[in-house]
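Structural description and commentary
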Amino acid sequence: MIKSKAYIFSLIATGIIASIPILYIIICLICSYIPSWFLISIPVSAILLSLPMVLIKKLHGAIRVILSSFLLILTLVSFAFLGFFGPTVEFRSFDNAEEINNFYNENNRYDDDFDFEKYGEYESISNYKYHSMAIFSQEAYTTILKYNEDNFDEEKSKIENSCKFYSTPIENEESDPVFSYEGFDFRTEISDWYPKEMNLVGINEETLEIAYVSFQDYDLDSISDYEEFLDYYCGWRYIIKEIN
């Protein structure tokens, strides 16, 4: 009878461990989070380690309970600790004006509606939200617009007349704020809060596209590599998959 209860306990413990990655993936899908495969590997590894306690029926009941309890507690603590202190990445993609308008109206990102008119006469528009939530948090919004040739030249002229850009590295040993990435020639707008709050503008002469990146991270003090900055601080490693 004691062994039977110990066996049932090991089954329940294994079931709880197995539910962790399932619930985690469901939450990620609902909240548009990017699942961390490292986090998922923790309960998966624990399940593999717990299989002997389920399959070996002759295992002593006390040992079965102790090992099952240890694995369950270790998995819960490890998953909670790494989930809290590790980065949780939110990435959202909006492929047209209607999707963008719905999202910004619901979330009131700028305490106002999304300003479509400032981008002129475009053929298509897409918007991406990247938010890395951890001890150090980054948030970036990227808008990419495609134009016909005439409107593309007009928008480039507007940018030249209305924006002021850095032409040399802002601080010693920093990366050049004028750089190319994934076909876009980027420049960094002058900012009083650089690099904690900044805007970048990228122009793709081949595809007639213009990208606007709005970024904030109040713990960031310098930028040593702008390509890496776009990839890991602004979420372009995910955006590239959407636009290619």
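In the block above lies the structure referred to throughout.
Residues numbered from 1 in each chain as written. Predicted model: local features only at pLDDT ≥ 70, side-chain atom pairs only at ≥ 80, totals over all residues. Heavy atoms only, no water.

**As for the overall build of the chain**
We apply this condition: Here a strand is any run of E in DSSP of at least two residues, a helix any run of H or I of at least four, and the numbering for each starts at the N terminus. For the radius of gyration, the atoms used are the C-alpha atoms, and the globule rule reads 2.2 Å times the number of residues raised to 0.38. Categorising residues by exposure relies on relative accessible area from a 1.4 Å probe, with only protein chains included: less than 20% of the type maximum marks a residue as buried, more than 50% marks it as exposed, and the intermediate range marks it as partly exposed. Here, two residues are considered to be in contact whenever any of their heavy atoms come within 4.5 Å of each other.
The helix and strand inventory of the chain stands at seven helices and eight strands. Since a compact globule built from 244 residues should have a radius of gyration of about 18 Å, the 25 Å found for the chain marks it as more spread out than a globular shape. With the C-alpha coordinates of the chain rotated into their principal frame, the extents come out at 85 × 45 × 35 Å. Within the chain, the proportion of its 244 residues that are buried is 39%. When contacts within the chain are restricted to residue pairs at least 6 apart in sequence, long-range pairs at least 24 apart make up 62% of them.

**Structural notes on the nonpolar core**
Most often, soluble globular proteins have nonpolar side chains that are buried together. Put simply, the test is: Throughout this description, the term nonpolar core refers to a set of buried Ala, Val, Leu, Ile, Met, Phe, Trp, Tyr and Cys residues connected via side-chain atoms within 4.5 Å.
If you look at the biggest cluster of nonpolar residues, it comprises 27 residues, and the most contacted ones within it are Phe186, Phe229 and Trp236. Top element by residues in this core is helix α7 (residues 236-243). It accounts for four residues. Those residues in contact with Trp236 that sit more than four places away from it in its chain are Thr142, Ile144, Tyr181, Phe184, Phe186, Ala211, Val213, Leu230, Asp231 and Ile243. In terms of nonpolar packing, the next biggest core, distinct from the first, is built from 19 residues, Phe94, Tyr104, Leu145 and Ile210 among them.

**Focus: the packing of helix α6 (residues 226-233) against α7**
Applied cut-off: Whenever a helix is involved, its axis is fitted only over the stretch in contact; in every case the axis is a line through C-alpha atoms, and angles between N-to-C directions fall within 0 to 180 degrees. What sets the label is the angle itself: under 35 degrees gives roughly parallel, over 145 gives roughly antiparallel, 65 to 115 gives roughly perpendicular, and the rest give oblique. Following the grouping adopted for this structure description, the nonpolar residues are Ala, Val, Leu, Ile, Met, Phe, Trp, Tyr, Cys and Pro, the charged ones are Asp, Glu, Lys and Arg, and the polar ones are all others, Gly among them.
At a minimum axis distance of 5 Å, the contact between α6 and α7 shows a crossing angle of 80°. In terms of axis orientation, α6 runs roughly perpendicular to α7. Residues Leu230, Asp231 and Tyr232 of α6 form the contact with α7, whose participating residues are Trp236, Arg237 and Ile240. Taken together, the residues of the contact of α6 with α7 sort by class into four nonpolar, no polar and two charged.

**Topic: the environment of Gly61**
Summarising the element assignment, Gly61 is placed in helix α3 (residues 61-85). For the pair Gly61 and Phe9, spaced 52 residues apart in the sequence, the C-alpha separation amounts to 9.7 Å.

**As for the pairing of strand β4 (residues 138-146)**
Note the cut-off: Strands are treated as partners if at least two bridges between them are detected by DSSP.
Burial within β4 is extensive, with eight of its nine residues counted as buried. Pairing geometry for strand β3 (residues 124-133) and β4, over nine bridges, is antiparallel. Bridged to Ser124 within β4 is Lys146. Linking β3 back to β4 in an antiparallel pair, the connection comprises four residues. In this sheet, strand β8 (residues 209-216) lies alongside β4 in antiparallel orientation, the contact comprising eight bridges. Bridging from a neighbouring strand, Leu145 pairs with Ile210 of β8.

**Remarks on the sheet that holds β3**
Within a sheet, neighbouring strands are paired by backbone hydrogen bonds and run either parallel or antiparallel to one another. Ordered by their spatial adjacency, eight strands build an open sheet running β1-β2-β3-β4-β8-β7-β6-β5, and the pairing between neighbours is antiparallel. The sheet terminates laterally at β1 (33-34) and β5 (178-181), the two strands that pair on one side only. Across four bridges, the pairing between strand β6 (residues 184-188) and strand β7 (residues 197-204) is antiparallel. Of the residues in β7, the one forming a bridge with Arg187 is Val201. Of the strands in this sheet, β6, β7 and β8 are in contact with helix α5 (residues 149-162), which crosses β8 at around 35°.

**Re the layout of surface pockets**
Rules: Using a grid of 1 Å spacing that covers the protein atoms alone, one calls a set of points a cavity when a 1.4 Å probe fits there but cannot get out, and a pocket when the set is open and has protein on both sides within 12 Å along at least five of seven lines; lining residues are those with an atom within 4 Å of a point. Grid points are joined across faces, edges and corners, and a volume is the space filled by probe spheres set on the points.
Approximately 360 Å³ is the volume found for the second largest pocket. For the lining of the second largest pocket, the elements supplying multiple residues, two or more each, are α1 (2-31), β1, α2 (37-55), α3, β2 (88-94), β3 and α7. For the lining of the second largest pocket, the element with the most residues is α1, which contributes five residues. For the lining of the second largest pocket, the class distribution of residues is 15 nonpolar, five polar and one charged.

**Quick look at the packing of aromatic side chains**
Quick reminder of the rule: Note on aromatic contacts: the rings of Phe and Tyr and the six-membered ring of Trp form a pair at centre separations within 6.5 Å, being stacked when their planes are under 30 degrees apart, edge-to-face when over 60 apart, and tilted otherwise. We call a charge positioned over a ring when the NZ of a Lys or the CZ of an Arg lies within 6 Å of the ring centre and within 35 degrees of the ring normal.
This structure, assessed with the given rule, holds 18 aromatic pairs. Ring plane angle 70° and centroid distance 6.1 Å describe the contact between Tyr181 and Trp236, whose orientation is recorded as edge-to-face. A residue pair is termed long-range when its members are at least 10 positions apart, and Tyr181 in strand β5 and Trp236 in helix α7 qualify at 55 residues. Residue classification places Trp236 among the buried positions, given a relative accessible area of 0%. Each residue in the set Phe179, Tyr181, Phe184, Phe186, Phe215, Tyr226, Phe229, Tyr233 and Trp236 is aromatic and connected to the rest through ring pairs, giving one cluster. Its end group placed over the ring of Phe165, Arg187 keeps NZ or CZ at 4.2 Å from the ring centre.

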